[in-house]
There are 2 protein chains.
Amino acid sequence: MLNPWFWLAPAGSVLALVVAWIFYRNMMAQDEGTPRMAAIALAVRKGAMAYLRQQYRVVTVIFICLTVLFAFMAYVLKVQNGWVPFAFITGGFFSGLAGFFGMKTATYASARTANAARQSLDRGLKLAFRSGAVMGLVVVGLALLDISGWFLILNRFYPPSDHPNSLVIITTTMLTFGMGASTQALFARVGGGIFTKAADVGADLVGKVEAGIPEDDPRNPATIADNVGDNVGDVAGMGADLYESYCGAILATAALGATAFQAAGGAAQMNSVLAPMIIAGMGTILSVIGMLLVSTKEGATQKQLLGSLARGVNFSSALITVVSAVVLNLLGLPNAWGIWGALVTGLAVGIVIGKSTEYYTSHGYRPTVSIAEQAKTGPAPVIISGLGTGLISTAIPVVMVSIGTILSFLFASGFSFGNLPMGLYGIGIAAVGMLSTLGITLATDAYGPIADNAGGNAQMAGLEKEVRERTDTLDALGNTTAATGKGFAIGSAALTALALLASYLEEVRIGMERAGITIVEIGGRSVATASATLQELMTHFDVHLMNPLVLVGAFIGSMMAFLFCGLTMQAVGRAAGRMVEEVRRQFSEKPGIIEGRDEPDYARCVAISTRGAQREMILPAALAILVPVVTGIVLGVGGVMGLLLGGVASGFVLAIFLANSGGAWDNAKKYVEEGNLGGKGSEAHKATVIGDTVGDPFKDTSGPSLNILIKLMSMVSIVMAGLTVTFHLL
Amino acid sequence: MLNPWFWLAPAGSVLALVVAWIFYRNMMAQDEGTPRMAAIALAVRKGAMAYLRQQYRVVTVIFICLTVLFAFMAYVLKVQNGWVPFAFITGGFFSGLAGFFGMKTATYASARTANAARQSLDRGLKLAFRSGAVMGLVVVGLALLDISGWFLILNRFYPPSDHPNSLVIITTTMLTFGMGASTQALFARVGGGIFTKAADVGADLVGKVEAGIPEDDPRNPATIADNVGDNVGDVAGMGADLYESYCGAILATAALGATAFQAAGGAAQMNSVLAPMIIAGMGTILSVIGMLLVSTKEGATQKQLLGSLARGVNFSSALITVVSAVVLNLLGLPNAWGIWGALVTGLAVGIVIGKSTEYYTSHGYRPTVSIAEQAKTGPAPVIISGLGTGLISTAIPVVMVSIGTILSFLFASGFSFGNLPMGLYGIGIAAVGMLSTLGITLATDAYGPIADNAGGNAQMAGLEKEVRERTDTLDALGNTTAATGKGFAIGSAALTALALLASYLEEVRIGMERAGITIVEIGGRSVATASATLQELMTHFDVHLMNPLVLVGAFIGSMMAFLFCGLTMQAVGRAAGRMVEEVRRQFSEKPGIIEGRDEPDYARCVAISTRGAQREMILPAALAILVPVVTGIVLGVGGVMGLLLGGVASGFVLAIFLANSGGAWDNAKKYVEEGNLGGKGSEAHKATVIGDTVGDPFKDTSGPSLNILIKLMSMVSIVMAGLTVTFHLL
């Protein structure tokens, strides 16, 4: 029996989608400004849409191949159930849709934001924020729609409700649409990340460094591509990324709930499965209310602007802790307060990680200023100290996630390390808590690239200095809010990956049952596969730290994170190189461009970035999918679990390092540009520009892709668990 | 009863020390060249010795503190045995001694090598190589002396030979002198690494980049400090590092042998403990023979030079495989051929990793050339592509170590994953195999900085162009051999760390027995602690991948590698900054320096690097020692094992990345300096110099320190195991 509270999830979904639609309509009703402004926005929009079409074309082919493979596994090999191929596709489809809507909105909003900024700062902020909110709302709305829709369908039609494991099977089946979302997100992040940084790095290298023209100068042929990149990478890529995180956290937690409360059964089990969906639904409703609180007044300082954004986020976060306490208790979950403790732990950890990210990457604090100061001795010290800062900045988030893991485990398990299923459920709930207000945190995130593009539009359209200053203020704000958003994304990825580790083991159990292995030998005793505890399964598969297969798996998992980073970084380098050549060619063939007489060929630069991104994303993406499969087939269950642990332990830390180094370099440059250490054009400025260029692929390509890598590897392993159980070499 | 083959170990030790003495005497009998050459060499030598004295002073204080702590643990808390404090001290003392002798020889050899190169290339090569050989031989000689000496003492006096676990207790006690060696090595590597790179980076930043004077120009005040740095970092630091690796591998394997053959007992157990020492002894004897084969003829190409070094190494490696097959069979070990298979696997893995390092870092191959080519677009692409190359270069070593781990495990265990003790012993033997010919591989390593210093001496003394070209040839060769050496060091570190993981668990068992816990509950059954299998102990302590304490431990271990790198990198940055200020001050206060009229104040630069290194090494070193202790006390056995796994999985990969990126940047710069892409002084050259400067702390400070970090964390955990068993929070 569905608890009526369940309907909070679809209700949140519908509310989010409706409000998104209203925000979108209101934004579209605004004026785009001068014809020049509209023309620039159109060029960016066309480029971005052309990219997205191309990207989706490639991804469609890959989805078709994988769907055929899953259908083969389900209907011929019988190592998976028949819903998997369909669930996989919807996950990918909705994720793509969220990215599409978010990006469409963002590309329509840039000129309108610039135009609104001509009137007042407050109007600019509101328009940019509400356009960003469309993305946030579409992501959570579609995710909740997909999740609650599938839950209703599976709960109604599959499997027969008298099956003892009904909810366990439903929830693990739903995990496979998480794999669809992860696959889509990987391509969106890697492809979009390569596009945006190839364009950005290429534009900077020739424009700022060689030709000495400012950022977003219309004479730079790569400048439209650069603005397109903000949309395909920072908007569409990020949307798909967080769609994946959100679904992953909710689905993994639901699956853990089904297992944890399997013995209790009945309402307790059902409600524990529903709890993450209900929390997400409530969080979405509170996010919408929070959004309406965001506004500012003319002449507001950056601090006041930040305060107004923070007001919305804080409101939603504070209220979710109160409301969830009530709802979890009304749901009648056993140990409701413990589960609530786990949720609050997750939220708190997310906030502290966000603060730590801000500390290490904002030029309001010592670390970034000290990177900028190194610029006096040249670019090499800037690089070394940026790397050093990023490496050191991993400590606080890791310690926080560690504390969060243990606390949420203990709260939910009633302070017993032996109660694994409940404790792991608590870890999942912590991740859901961290992401519960994603609607509004993502809005503040997506706001950034819109403000950035508005600035680009204002610059290219030659608007007044005052307007440009306003868009700069809006843009600077975006960097800080993005830092907080990244903190949540990285933190929740780590917790979700831990939860998925448990889901993997459950999927192995189901795979064994499907393969007819109903009895397992554990330390000489025979135990029914269905009722073996997680500890017993670990013993059965020898998943301990002396098993060489586990150790080797961990090595390979750790290496995968590094290799994947290296491949994406090289990809940016190569694609940027092609961009540099193209810009140089245009400058030398048409000297009129640099003198401002001739129009550069913007479209060619967009096409080069598009081609580069599409070509370069294949290898890293293929590795992310194939390595877990091969590891499973060669090393078996222990090897896969080692792989996943090594991947998350290494990938999580590497992701923080890359994101923070990149962010710190970016802001060190901004610090100099604000007039410190000689200001724009000084040697110190040049040194920090080099730092920022190195940081570009760090923070916008390799770093964010890692979040997805670690979860995609888990998702692939989960879907392939049946195969691994049936066939493996060692 | 000791098997007479045991005496191969002390025999190898004595032979190594005697030959080292002969090489040293022969080197000292050579002429130092012109008075200017002797004066420069004297300045470097004085600086290096002053540094080492200061370093040993700090380390002595730390050793006294730790010894008091261990004595307290042994005699008051009774959680360790009474030999531990003494064993700890000798490990540190001999390691320091090896560094001291090696460096003393190197500083005497530089001017003599330059002088020999005035006569012929062959004489230069031989002198430099044989001086490097002193270091190689002293390291293996003192290590074997320490090991075989302690083994004889403990076997004679402790514990009573009728104790059932006599060899187990002897070998685990001996591991604690490995901790002495690791502690010494950490300070030597971190302190030396900071010194050398602060001086190098500082000298380059002001000298090459700002003042436009070449490397090793006597007008640069930091140039003597730079040459001192080569000695304290690359010679003394590397000596202590490999002393630690060598001891660690032999001691861990002996300890695993004692456990693996505990049931068999008698000669089988004794011989399995002796096997790693005997293999090391034989390897040392073969290394000495190999060394005598190294020579070349005048006008030899770099390829021929490399061939002549390779001849010696290949001879020793080939022969050790043959001789060990015979000896292992004569020792009468059960499954002697399997153990031999593990040994050969280790050697083969080391060779492949070395080749892969060469491929990724030598400018004879594509990756490094392509980094150099990026210099056409500026420094940022050089940095991005160097990072990318380094990240990608982790794949082959990790895959090779993974294959090596599984193969050596399977060979030694008779192809049974269930036979953990034998399999783990095989992994240890693979590490010993990899390091068996350390005498000669370390000689080719230590040769590098000697040739480098000879070049510096020739340059500063204003010798003829022809001589300078010869020393350049010798120096270039050193870069390639160093790559191979690093491959062995990194590969063996990973395997040894895995072996130490097993030793930790054995130490936990001993700690339990000491604490009176003679029965453990495993899955409801009671098992005697002494006879519980490793699998059962893992189950008892819940050391599986679903235990949140293990997962959190792995996160923290992974983070430690990154944090440690960040701290050492920042330390180099800060110390280099102080050096830059000093050099600038000297240039501006005494304009005569740059015109060549005034003598710069070299000693002040040396003093600045010394102070910087001593101050900056404390925090990272303290963390490396404290974090495992705190983890043990808070998270218990599972947390510590997670920490060690996370640390090795992440640290190993990070170390390869840093070493290879750094090496590739160095050689990309050399490629340009050889006249490619515009040659010296071009924009491309400047870009690669920036890359090289960034790479300096990568390859010579943070990267190599990681090898020690991962083993020191294991050693600390092993020594503290008794404490963890008795007191832990969670």
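Note that this is a predicted model, so its numbers are computed, not measured.

What counts, and at which threshold
- Starting from 1, residues in each chain are numbered consecutively following that chain's sequence as written.
- Think of it this way: whatever chain is written first is A, whatever ligand is written first is 1, and the rest follow in order.
- Note on the predicted model: pLDDT of at least 70 is required for a residue's local features to be given, and 80 or more for side-chain atom pairs to be given and counted; whole-chain, interface and lining totals, by contrast, use all residues.
- Secondary structure elements follow DSSP: runs of H or I no shorter than four residues count as helices, runs of E no shorter than two count as strands, and numbering proceeds from the N terminus.
- What the globule rule says is 2.2 Å times the number of residues to the power 0.38, and the radius of gyration is computed from C-alpha atoms.
- To obtain each axis, a line is fitted to C-alpha atoms, and for helices this fit is confined to the stretch in contact; angles are then taken between N-to-C directions over 0 to 180 degrees.
- Note on angle classes: values under 35 degrees are labelled roughly parallel, values over 145 roughly antiparallel, values of 65 to 115 roughly perpendicular, and the remainder oblique.
- Here, residue contact means that the backbone-derived C-beta atoms of the two residues sit within 7 Å.
- Note on residue categories: nonpolar means Ala, Val, Leu, Ile, Met, Phe, Trp, Tyr, Cys or Pro, charged means Asp, Glu, Lys or Arg, and polar means any other residue, Gly included.
- Following DSSP output, two strands are said to pair if at least two bridges run between them.
- Superposing copies: least-squares fit, C-alpha atoms only, residues required to have pLDDT of at least 70 in both.
- What a helix is expected to span follows from its residue count: subtract one and scale by 1.5 Å.
- A residue is called partly exposed when the number of other C-beta atoms within 10 Å of its own lies between 12 and 20, exposed at 12 or fewer, and buried at 20 or more, with C-beta atoms placed from the backbone.
- Note on convention: near helix rotated counterclockwise from far helix by under a right angle means a left-handed crossing. Clockwise means right-handed.
- In this analysis the local bend is the angle between axes fitted, respectively, to the seven residues ending at and the seven residues starting at the residue.
- The quantity known as pLDDT measures the predictor's confidence residue by residue, on a range of 0 to 100.
- Joining buried Ala, Val, Leu, Ile, Met, Phe, Trp, Tyr and Cys residues through C-beta atoms within 7 Å gives a set, and that set is a nonpolar core.

Draft legend 1. Layout of the overall build of chain A. Looking only at helices and strands, chain A features 21 helices and two strands. Relative to its length of 730 residues, chain A is compact, with a C-alpha radius of gyration of 25 Å against a globular reference of 27 Å. Viewed in the frame of its principal axes, chain A has a C-alpha envelope of about 80 × 50 × 45 Å.

Draft legend 2. Spatial organisation of the packing of helix α6 (residues 223-260) of chain B against helix α14 (residues 438-460) of chain B. Residue and element names in this part refer to chain B. Where α6 meets α14, the closest approach of the two axes is 10 Å, and the angle between their N-to-C directions is 175°. The angle between α6 and α14 places the two elements in the roughly antiparallel class. Where α6 approaches α14, its residues Thr223, Asn227, Asp230, Asn231, Asp234, Val235, Met238, Leu242 and Tyr246 are matched on the opposing element by Leu438, Leu442, Asp445, Ala446, Gly448, Pro449, Asp452, Asn453, Gly456 and Met460. Tallied by class, the residues present in the contact of α6 with α14 amount to nine nonpolar, six polar and four charged.

Draft legend 3. View of the pairing of strand β1 (residues 519-522) of chain A. Residue and element names in this part refer to chain A. Where β1 meets strand β2 (residues 525-528), four bridges bridge the pair, whose relative direction is antiparallel. Paired with Ile522 across the bridge in β2 is Arg525. If you look at the hairpin formed by β1 and β2, you'll find two residues sitting between the two strands, and Gly523 has a positive phi there, around 55°.

Draft legend 4. Spotlight on the interface of chain B and chain A. Listed by partner, the interface residues are 69 residues for chain B and 70 residues for chain A. Take the side of chain B that touches chain A: its biggest share by element is 19 residues, from helix α17 (residues 548-589) of chain B. In the side of chain B that touches chain A, the residues fall into 47 nonpolar, 21 polar and one charged.

Draft legend 5. Quick peek at the relation of the copies chain B and chain A. Rotating chain B by 180° and moving it 0.0 Å along the rotation axis overlays it on chain A with an RMSD of 0.0 Å. What the superposition gives is, in effect, a two-fold axis relating one chain to the other. By C-alpha distance to the rotation axis, the residue of chain B lying nearest is B:His544, at 2.2 Å.

Draft legend 6. Main features of helix α1 (residues 8-28) of chain A. Residues and elements named next belong to chain A. A rise of 1.5 Å per residue sets the reference length of α1, with its 21 residues, at 30 Å; its end C-alpha atoms lie 30 Å apart and thus fit the reference within 8%. Those residues of α1 lying buried are Leu8, Ala9, Gly12, Ser13, Leu15, Ala16, Val19, Ala20, Phe23, Tyr24 and Met27. As for α1, its buried residues are in contact with α3 (84-119), α4 (121-157), α7 (266-292) and α14 (438-460).

Draft legend 7. Fine view of the packing of helix α9 (residues 336-361) of chain B against helix α13 (residues 420-435) of chain B. All names here are of chain B. Relative orientation of the contacting elements α9 and α13 amounts to 50°, with a least axis distance of 7 Å. Considering their axes alone, α9 and α13 lie oblique with respect to each other. Crossing of α9 against α13: the hand is right-handed. From α9, Ile339, Ala342, Leu343, Val344, Thr345, Gly346, Leu347, Val349 and Gly350 reach across to α13, where they touch Gly426, Ile429, Ala430, Ala431, Gly433 and Met434.

Draft legend 8. Inspection of helix α20 (residues 683-726) of chain B at higher detail. All names here are of chain B. With 44 residues, α20 extends 62 Å from end C-alpha to end C-alpha; this agrees with the ideal 64 Å at 1.5 Å per step. The largest bend in α20 comes to about 55°, at Met720. Within α20, 41 of the 44 residues are buried, which leaves it mostly tucked inside the rest of the structure.

Draft legend 9. Just the confidence of the model for chain A, in detail. Residues and elements named next belong to chain A. Per-chain confidence: chain A averages 91 in pLDDT, with 98% of residues scoring 70 or above. Confidence scores differ between elements of chain A, with helix α15 (residues 465-514) showing the lowest mean pLDDT of 86 and helix α12 (residues 395-412) the highest of 97. Both scores are available for the predicted complex, with the pTM at 0.96 and the ipTM at 0.96.

Draft legend 10. A look at the environment of B:Leu292. Along the polypeptide, B:Leu292 turns up in helix α7 (residues 266-292). Taking the C-alpha atoms as reference, B:Leu292 lies 31 Å from B:Val401; in sequence the two are 109 residues apart.

Draft legend 11. Quick look at unusual backbone geometry. All names here are of chain B. With a phi angle near 60°, Lys78 is a residue other than glycine that sits in the positive phi range. Positionally, Lys78 belongs in the loop between α2 (35-76) and α3 (84-119). The exposure class of Lys78 is partly exposed, given the 13 C-beta atoms found within 10 Å. A positive phi angle is found at Leu677, which is not glycine, with a value near 55°. Residue placement: Leu677 occurs in the loop between α19 (618-673) and α20. Classification of Leu677 by C-beta neighbours within 10 Å gives buried; the count is 20.

Draft legend 12. Inspection of the environment of A:Gly516 at higher detail. You can see A:Gly516 is positioned in the loop between α15 and β1. In this structure the C-alpha to C-alpha distance between A:Gly516 and A:Arg604, which are 88 residues apart in sequence, comes to 58 Å.

Draft legend 13. Fine view of the nonpolar core. With 560 residues, the main nonpolar core has A:Val139, A:Tyr246, A:Leu501, A:Phe652, B:Val139, B:Tyr246 and B:Leu501 as its most contacted residues. Among residues more than four places away in sequence, those in contact with A:Leu501 are A:Met641, A:Leu644, A:Leu645, A:Ser714, B:Leu545 and B:Met546.

Draft legend 14. Seen up close, the environment of A:Leu77. Residues and elements named next belong to chain A. Topologically, Leu77 is positioned in the loop between α2 (35-76) and α3. For Leu77, a count of 12 C-beta atoms within 10 Å gives the class exposed. Along the sequence, Leu77 and Leu723 sit 646 residues apart, while their C-alpha atoms lie 8.5 Å from each other.

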